[in-house]
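# Results of the structural survey
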Amino acid sequence: MSRLAVRVTPDALRQIRGGHPWVYAESVVSTSHDGRAGDLAVVFDDRRRFAAIGLYDPGSPIRIKVLHHGRPAVIDGAWWKDRVADALARRADLLGSVTTTGYRVVHGENDGLPGLVVDRYADTCVLKLYSAALVPHLATLVDAIGAVVGAARIVLRVSRLVASQLPGDLAEGMTLAGPPPDGPVWFHENGLRLTADVVGGQKTGHFLDQRDNRRLVGGRAMGARVLDVFACTGGFALNAAAGGALSVHLVDQSHGALAAAEANRRANLDLDAVRGCRFTSDVGDAFAALTALAGRGVRYDLVVVDPPSFAQNQAGVERAVVAYRRLTALALDLIAPGGLLFQASCSSRVPAERFYAAVTLGAASRGRRLDELARTDHPLDHPIGFPQGAYLKALLARAP
Ligand SMILES: C[S@@+](CC[C@H](N)C(=O)[O-])C[C@H]1O[C@@H](n2cnc3c(N)ncnc32)[C@H](O)[C@@H]1O
């Protein structure tokens, strides 16, 4: 791998030494030569001392993703293995579980491996690249994951941006090690049998970050009529069913996701509670579906609202806040007096306080109060390693 020497602004140097993993293009003062995506950028201070080493990407506004700072280090196969092993050790509490065999092994920058996500579903690992600078390191990464995690197969997923920069011998969804999957893979979460479409599903096939919140919701579902908005493959709905819900109604715009939710339901029919729960669903836009349900006078005891990220960039933050407020108001139109609202946000650009304020304002716009029961954030396998790494916040509240 080619290396280049880089000088950065004093402020960027301070940030790097404080452990921040990103150096923006405008903070790069000089480079020894033109680098390519994946080259190793060695950052020196103004006394020519080593400060950090990272992945260089000339096509990204985040020009360097820091791999290591402090004393000089060699970034070789052993270094990548050590980082993956550190990440696995951080998840020790999840490793031996038979009731949960799906979890995130590597959570990007937050585990010191910028741009890389590794999700494990039983014996399948999904390696997802969010940075083109990782592509030249892929073979080393596959070796490291194979050696440390020991999965039977490794599947490659890439973000849309990386997809456009893949070399001809790599493709989104291809199997990098072991036999290709012959369909969705099965794993366990909170004791439920679930599928992950690791080749074509959203993200890596399942939203692993909501596992603890699903259990929280399941624990409040006994005897409830439940509405699961933005249900995807039905994780919340199934936990509610297993928790004794009378009925669950799922809403999502993705036909494929709701078909997977139905497969998940059928896979858990050995549980009396799931067998006894009435499942229905609507394919379509959540805002329209909520409005239509309210128009029909339908009421629920527990409403889950878990939308996608609404703020893809800073300009989208205000729009996102308005959307959260509106969703709270629409959900409350459907919640019977004394019922529960669980609402989440995965927009990292929307600060937690703004999200909670939006929910409160949404309730006020309907003349309803919300009594908070819990505020939650990241589960163990989605650690927060730097400020931008904190994206998930959620609220469980009673609407008197
Ligand atoms: C963050 S995921 C929800 C994850 C899900 N609650 C779970 O536990 O797995 C967001 C979901 O919203 C769906 N979606 C996005 N925009 C939507 C819209 N306007 N109306 C309905 N569903 C939408 C996506 O298909 C996706 O399944």
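Residues numbered from 1 in each chain as written. Predicted model: local features only at pLDDT ≥ 70, side-chain atom pairs only at ≥ 80, totals over all residues. Heavy atoms only, no water.

## Quick look at the overall build of the protein chain
Each helix and strand in the protein chain was counted, giving 12 helices and 20 strands. Computed over the C-alpha atoms, the radius of gyration of the protein chain is 22 Å, within 12% of the 21 Å expected from 2.2 N^0.38 for a compact globule of 400 residues. Looking at the 400 residues of the protein chain, the share that counts as buried comes to 54%. Of the contacts made within the protein chain by residues no fewer than 6 positions apart, 64% connect residues no fewer than 24 positions apart. A gap of 3 Å separates the mean positions of the 45 positive and 39 negative side-chain charges of the protein chain. (Helix = DSSP H or I, 4+ residues; strand = E, 2+ residues; numbered from the N terminus. Rg over C-alpha atoms; globule rule 2.2 N^0.38 Å. Buried < 20%, exposed > 50% of the residue type's maximum accessible area, 1.4 Å probe, protein only. Contact = heavy atoms within 4.5 Å. Lys, Arg positive; Asp, Glu negative; His and termini not counted. Charge placed at Lys NZ, Arg CZ, Asp CG, Glu CD.)

## Thoughts on the side chain of His137
Considering the arrangement of structural elements, one finds His137 in the loop between strand 9 (124-129) and helix 4 (138-149). Assessed through its relative accessible area of 5%, His137 is described here as buried. Separated by 2.8 Å, the side chain of His137 and the backbone oxygen of Gly38 make a polar contact. Beyond its immediate stretch of four places on either side in the chain, His137 contacts Met1, Gly38, Leu40, Leu55 and Trp80. (Polar contact = N/O pair within 3.5 Å; in protein donor to acceptor, adjacent residues only side chain to side chain.)

## Remarks on the site of the ligand
Taken together, 16 residues are adjacent to the ligand, and Phe230, Asp252, Asp285, Ala286 and Asp306 come closest. Side-chain polar atom of Gln202 to an oxygen atom of the ligand: 3.1 Å apart, as the coordinates give it. A distance of 3.1 Å separates a nitrogen atom of the ligand from a polar atom in the backbone of Gln253. Notes on the ligand: free accessible area 600 Å², of which the protein chains cover 93%. Residues of the shell around the ligand, tallied by class, amount to 8 nonpolar, 4 polar and 4 charged. (Near = heavy atom within 4 Å. Areas by Shrake-Rupley, 256 points an atom, 1.4 Å probe, with all protein chains shown as cover. Nonpolar A, V, L, I, M, F, W, Y, C, P; charged D, E, K, R; others polar.)

## Quick notes on the packing of helix 11 (residues 317-332) against helix 12 (residues 352-365)
For the pair helix 11 and helix 12, interaxial distance at closest approach is 7 Å and the crossing angle is 40°. When the axis of helix 11 is compared with that of helix 12, the two are oblique. Relative to helix 12, the crossing made by helix 11 is right-handed. Where helix 11 abuts helix 12, its residues Val317, Glu318, Val321, Tyr324, Arg325, Thr328, Ala329 and Leu332 lie against Arg354, Phe355, Ala358, Val359, Leu361, Gly362, Ala363 and Ser365. The class makeup of the residues in the contact of helix 11 with helix 12 is 10 nonpolar, 3 polar and 3 charged. (Axes fitted to C-alpha atoms, helices over the stretch in contact; angles between N-to-C directions. Parallel < 35°, antiparallel > 145°, perpendicular 65-115°, else oblique. Left-handed = near helix turned anticlockwise from the far one by under 90°.)

## Section: the pattern of salt bridges
On inspection of all chains with the given rule, the structure shows 20 salt bridges. Residue Arg265 is joined to Glu262 by a salt bridge in which the shortest nitrogen-to-oxygen separation is 2.9 Å. Pair noted here: Arg265 and Glu262 are both in helix 8 (residues 255-266), with a separation of 3 residues, about one helical turn. A salt bridge links Asp333 to Arg366, with the shortest nitrogen-to-oxygen separation between them at 2.7 Å. Of this pair, Asp333 sits in the loop between helix 11 and strand 18 (335-345) while Arg366 sits in the loop between helix 12 and strand 19 (371-376), and the two are 33 residues apart along the sequence. One salt-bridge network, held together by shared partners, links Arg211, Asp212, Arg215 and Asp381. (Salt bridge = Lys/Arg side-chain N within 4 Å of Asp/Glu carboxyl O.)

## Some words on the domain arrangement of the protein chain
Partitioning the protein chain into domains gives domain 1 (3-69), domain 2 (77-185) and domain 3 (207-399). Between domain 1 and domain 2, the residue contacts involve 12 residues of the former and 13 residues of the latter. Of the roughly 920 Å² buried between domain 1 and domain 2 on both sides combined, carbon and sulfur atoms contribute 65%. By the criterion of area lost to domain 2, the three top residues of domain 1 are Leu55, Lys65 and Leu67, representing 50% of everything that side buries. Put simply, domain 1 and domain 2 have 0 salt bridges between them. One can count 3 residue pairs in polar contact (both at pLDDT 80 or more) joining domain 1 with domain 2. Mapped onto the side of domain 1 that touches domain 2, the elements with two or more residues apiece are strand 5 (50-56) and strand 6 (62-69). Ranked by residue count, the leading element in the side of domain 1 that touches domain 2 is strand 6, at 4 residues. Looking at the side of domain 1 that touches domain 2, its residues break down into 8 nonpolar, 2 polar and 2 charged. (Domains from an automatic or database assignment. Buried area = accessible area lost by both parts, 1.4 Å probe.)

## Examining the sheet that holds strand 11 (residues 175-177)
Reading across the sheet, the 5 strands line up as 7-8-9-10-11 and stay open at both edges, with mixed pairing between neighbours. Two strands in the sheet have a free side with no partner beyond their single neighbour: strand 7 (102-107) and strand 11. Going across the sheet, the axis of each strand differs from the next one's by a mean of 25°, ignoring polarity. Of the strand pairs in this sheet, strand 10 (residues 153-158) and strand 11 are connected by 2 bridges, and their pairing is antiparallel. Paired with Val155 across the bridge in strand 11 is Thr175. Across the face of the sheet, helix 4 comes into contact with strand 7, strand 8 (116-121), strand 9, strand 10 and strand 11 while running at roughly 150° to strand 9. (Pairing = 2+ DSSP bridges.)

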